[in-house]
Amino acid sequence: MIIEDNASLLRGLKDNFESQGYRVKTASDGETGLDEALRAKPDLIVLDLMLPKVNGYEICRQLRHEKFEMPIIMLTAKSEEADLLLGLHIGADDYVTKPFRIKELLARAEALLRRSRMSAPEVFRFGDCELDSAARRLVRGGEAIKLSPKEFELLHYFLCKAGRALSRDQILNDVWGYDCLVTPRSIDRFVTGLRQKIERDPQHPRFIETVREFGYKFVSEPANG
């Protein structure tokens, strides 16, 4: 689904996605787009930020509040870091800044769809580590590594959400739940502990990356170097 108020851009995006075999629904204002997204439950949403009636931030917030987990790519003319972080904070999976190349948008959409369709494996492998979900066991370099119950849940959560920028508040709510005494900053201490157990150099982590002034992102296949 594409929600965009610029008629020519909306038409061009629709044509390009359809040329790749997608079935596309469109809306040109936020109110219609939100209603249609809630009704149709699309596999992916391309969402403009500055929309009439209901803006993109509110649409994203409402969809996540209703527990819709489809990937959302935000289109924004704003390049300010605060605006981009806000979009990620309320649940967007990715963003593209206008003007953009249509091939890049299509590639990002395909990557997000491919990831969302993959069921979580029972065994995750990254670097020299292996996490067995069923056995709740971490093995590194052939040796078992002891994890506390919450460390296991946090690592498993990161692995299931690999590649996504996750805010501290989101991690707190998803792993600890709303009714807990843990603060968002307490998550930093758990991450430090995990890094000691899975990173070759915890001071320069390869897997659990810090997203400045936001939270963390797990990179299962870090670049060489």
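Residues numbered from 1 in each chain as written. Predicted model: local features only at pLDDT ≥ 70, side-chain atom pairs only at ≥ 80, totals over all residues. Heavy atoms only, no water.

Chemist: Which residues make up the sheet that holds strand 5 (residues 94–97), and what values do they have?
Modeler: Where strands meet in a sheet, backbone hydrogen bonds hold them as pairs that are either parallel or antiparallel. Reading across the sheet, the five strands line up as 2-1-3-4-5 and stay open at both edges, with parallel pairing between neighbours. Unpaired on one side and paired on the other, strand 2 (26–27) and strand 5 mark the two borders of the sheet. (Pairing = 2+ DSSP bridges. Helix = DSSP H or I, 4+ residues; strand = E, 2+ residues; numbered from the N terminus.)

Chemist: Explain the environment of Leu105 residue by residue, including any values.
Modeler: Mapped onto the secondary structure, Leu105 falls in helix 5 (residues 102–117). For Leu105, a relative accessible area of 0% gives the class buried. For the pair formed by Leu105 and Arg206, sequence separation is 101 residues and the distance between their alpha carbons is 27 Å. Each residue touching Leu105, except ones within four places of it in the same chain, is listed here: Leu13, Phe17, Val46, Ile73, Leu75, Val96 and Phe100. (Buried < 20%, exposed > 50% of the residue type's maximum accessible area, 1.4 Å probe, protein only. Contact = heavy atoms within 4.5 Å.)

Chemist: Tell me about the pattern of salt bridges, residues and numbers included.
Modeler: Here the structure, examined in full by the defined rule, presents 18 salt bridges. With a closest N to O distance of 2.9 Å, Asp93 and Arg64 form a salt bridge. One end of the pair, Asp93, is in the loop between helix 4 (81–89) and strand 5; the other, Arg64, is in helix 3 (residues 56–65), and 29 residues separate them in sequence. Taking the relative accessible area as the measure of exposure, Arg64 reaches 16% and is therefore buried. Residue Arg137 is joined to Asp132 by a salt bridge in which the shortest nitrogen-to-oxygen separation is 3.9 Å. For Arg137, a relative accessible area of 40% gives the class partly exposed. The structure contains a network of salt bridges with shared partners spanning Glu4, Asp48 and Lys98. (Salt bridge = Lys/Arg side-chain N within 4 Å of Asp/Glu carboxyl O.)

Chemist: How would you summarise the packing of helix 7 (residues 168–176) against helix 8 (residues 186–198) if you had to cite specific residues and measurements?
Modeler: Closest axis-to-axis distance for the helix 7/helix 8 pair is 10 Å, and the angle between their directions is 75 degrees. Taken together, the axis directions place helix 7 and helix 8 in an arrangement best described as roughly perpendicular. Packed against helix 7, whose contacting residues are Arg168, Ile171, Leu172 and Trp176, the element helix 8 presents Ile187, Asp188 and Phe190 at the interface. Split into classes, the residues belonging to the contact of helix 7 with helix 8 amount to five nonpolar, no polar and two charged. (Axes fitted to C-alpha atoms, helices over the stretch in contact; angles between N-to-C directions. Parallel < 35°, antiparallel > 145°, perpendicular 65-115°, else oblique. Nonpolar A, V, L, I, M, F, W, Y, C, P; charged D, E, K, R; others polar.)

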